[in-house]
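Report on the structure
Chain by chain, the residues:
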Amino acid sequence: MAIVLGIMSSKGGAGKSTITKLLASAFAFTENRCLIIDLDPNKDIVNWWSTATQTGYVDDNILVRPATNGNDLFDLVDRHESDVSFILIDTKGEASSWAVDLASVSDVLIVPCMNAKGDRERTQETIDWHEDLKSRAENPERIPPLHVVLSRVKPNLLTHVRGTSKPKDLASREFERHYEIIDQFNPLATMVAEKSQYREMDEMGPLGVILQRYRASGDPNEKLKAHHFEVALAHAITLVNNIFDQRKMEASDAA
Ligand SMILES: Nc1ncnc2c1ncn2[C@@H]1O[C@H](COP(=O)(O)OP(=O)(O)OP(=O)(O)O)[C@@H](O)[C@H]1O
Ligand SMILES: [Mg+2]
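Residues numbered from 1 in each chain as written. Chains lettered and ligands numbered in written order. Predicted model: local features only at pLDDT ≥ 70, side-chain atom pairs only at ≥ 80, totals over all residues.

Near ligand 1, the surroundings consist of 19 residues, among which Gly 12, Lys 16, Ser 17, Thr 18 and Gly 93 are the closest. Listing elements by their share of the shell around ligand 1, those giving two or more residues are helix 1 (16–29) and helix 8 (196–204). (Near = placed C-beta within 6 Å. Helix = DSSP H or I, 4+ residues; strand = E, 2+ residues; numbered from the N terminus.)

Structure follows, in structure tokens:
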């Protein structure tokens, strides 16, 4: 039976589709078949896959299907749950009726949150919605856990040690808010960095396929790029492991 991951946030542009592609890249690279269900009417994932198909950047371990409503979602999960190991569901950037459907088919919900005032408010709303859903459920233990993932984290925050001085070239408010968000949401231990490799993934296809292309090249510059893609994939795989271990930024990590 496939493990189902629902990616949601009521904030547009928070990084849902990027995290979906990142997780799919990690599953495919580790030879796990996965299905991505694209529940966003903008069809970002469907378009991504169609471009990747045209340019030959596909991985046979990834399957992409569009869904327009909750019924499609249930059908697709039913149809594929025994032939893939993981199902990722990418959703649109606003809360709506499908959110309950999403929770009912998912084993875990992932909520990306960027370091911005609006993202913080909307993430809190999503957490409140999840708490409310649990409080109204007959079997609250059947409501999947929800994990916040810090999204598009700047490199100087990614490597910052809490309690030490603010990195230069970072606004004070942004610095303070980074730790306020960590304290407020207790996010997963692995943050998603702002990386040019993820933008390249957005334009071309899964990280592992890009990596193989660069590895196969005789050009030394491309060999160096391959190294950056190895690091990006290693982060994606660490994120997957943290999701399943439910490893959060405990006080000891953040102290
Ligand atoms: N970690 C990252 N590193 C670099 N660029 C990123 C990262 N995360 C997101 N982006 C870029 O930010 C833009 C918005 O990200 P994305 O499409 O993943 O957001 P979304 O939550 O799916 O948006 P929507 O609500 O519109 O579906 C994209 O152009 C993407 O390439
Ligand atoms: Mg999207």
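Spatially, six strands are ordered 3-2-4-1-5-6 in an open sheet, and the strand pairing comes out parallel. In the strand order of this sheet, the two ends are held by strand 3 (62–66) and strand 6 (146–150), each with one partner. Taking the axes of each pair of neighbouring strands and ignoring which way they run, one obtains an average angle of 25° across the sheet. As judged from the five bridges shared by strand 2 (residues 34–38) and strand 3, these two strands associate in the parallel manner. Residue Ile 36 lies in a different strand from strand 3, and its bridge partner there is Val 64. (Pairing = 2+ DSSP bridges. Axes fitted to C-alpha atoms, helices over the stretch in contact; angles between N-to-C directions.)

Let us look at the nonpolar core. By size, the foremost hydrophobic cluster in this structure holds 64 residues, and its most contacted members are Leu 23, Cys 34 and Leu 88. By residue number, the principal contributor to this core is helix 1, which donates eight residues. In contact with Cys 34, other than residues within four places in its own chain, are Ala 24, Phe 27, Ala 28, Asn 61, Ile 62, Val 84, Ser 85, Phe 86, Ile 87 and Leu 88. (Core = buried A, V, L, I, M, F, W, Y, C linked by C-beta atoms within 7 Å. Buried ≥ 20, exposed ≤ 12 C-beta atoms within 10 Å, placed from the backbone. Contact = placed C-beta atoms within 7 Å.)

What follows covers helix 10 (residues 220–245). Note on helix geometry: an α-helix contains 3.6 residues per turn, so any two residues three or four positions apart are oriented the same way. For helix 10, built from 26 residues, the straight-helix expectation of 38 Å at 1.5 Å per residue is met to within 8% by its first-to-last C-alpha distance of 38 Å. Among the residues of helix 10, Lys 225, Phe 229, Ala 232, Leu 233, His 235, Ala 236, Leu 239, Val 240 and Ile 243 are the ones counted as buried. Where helix 10 is buried, its residues contact helix 1, strand 5 (108–113), strand 6, helix 8 and helix 9 (207–216). At the C-terminal side of helix 10, Gln 246 shows a positive phi close to 55°. (Expected span 1.5 Å × (residues − 1).)

Here we come to the environment of Ser 9. One can find Ser 9 in the loop between strand 1 (3–7) and helix 1. As a C-alpha pair, Ser 9 and Ile 45 span 36 residues in sequence and 16 Å in three-dimensional space. Ignoring any residue separated from it by four or fewer positions in sequence, one finds Ser 9 in contact with Ala 14, Lys 16, Gly 93, Val 111, Pro 112, Arg 122, Thr 123 and Thr 126.

Close contact between helix 1 and helix 8 brings their axes to 10 Å; oriented N to C, the two are set at 85°. Taken together, the axes of helix 1 and helix 8 are roughly perpendicular relative to one another. Of the residues in helix 8, those in contact with Thr 18, Lys 21, Leu 22 and Ser 25 of helix 1 are Tyr 198, Met 201 and Asp 202. (Parallel < 35°, antiparallel > 145°, perpendicular 65-115°, else oblique.)

Next up on the list: helix 4 (residues 98–105). Taken together, the buried positions of helix 4 are occupied by Trp 98, Ala 99, Asp 101, Leu 102 and Ala 103. In this structure, the buried residues of helix 4 make contact with strand 1, helix 3 (70–80), strand 4 (86–90), strand 5 and helix 5 (117–136).

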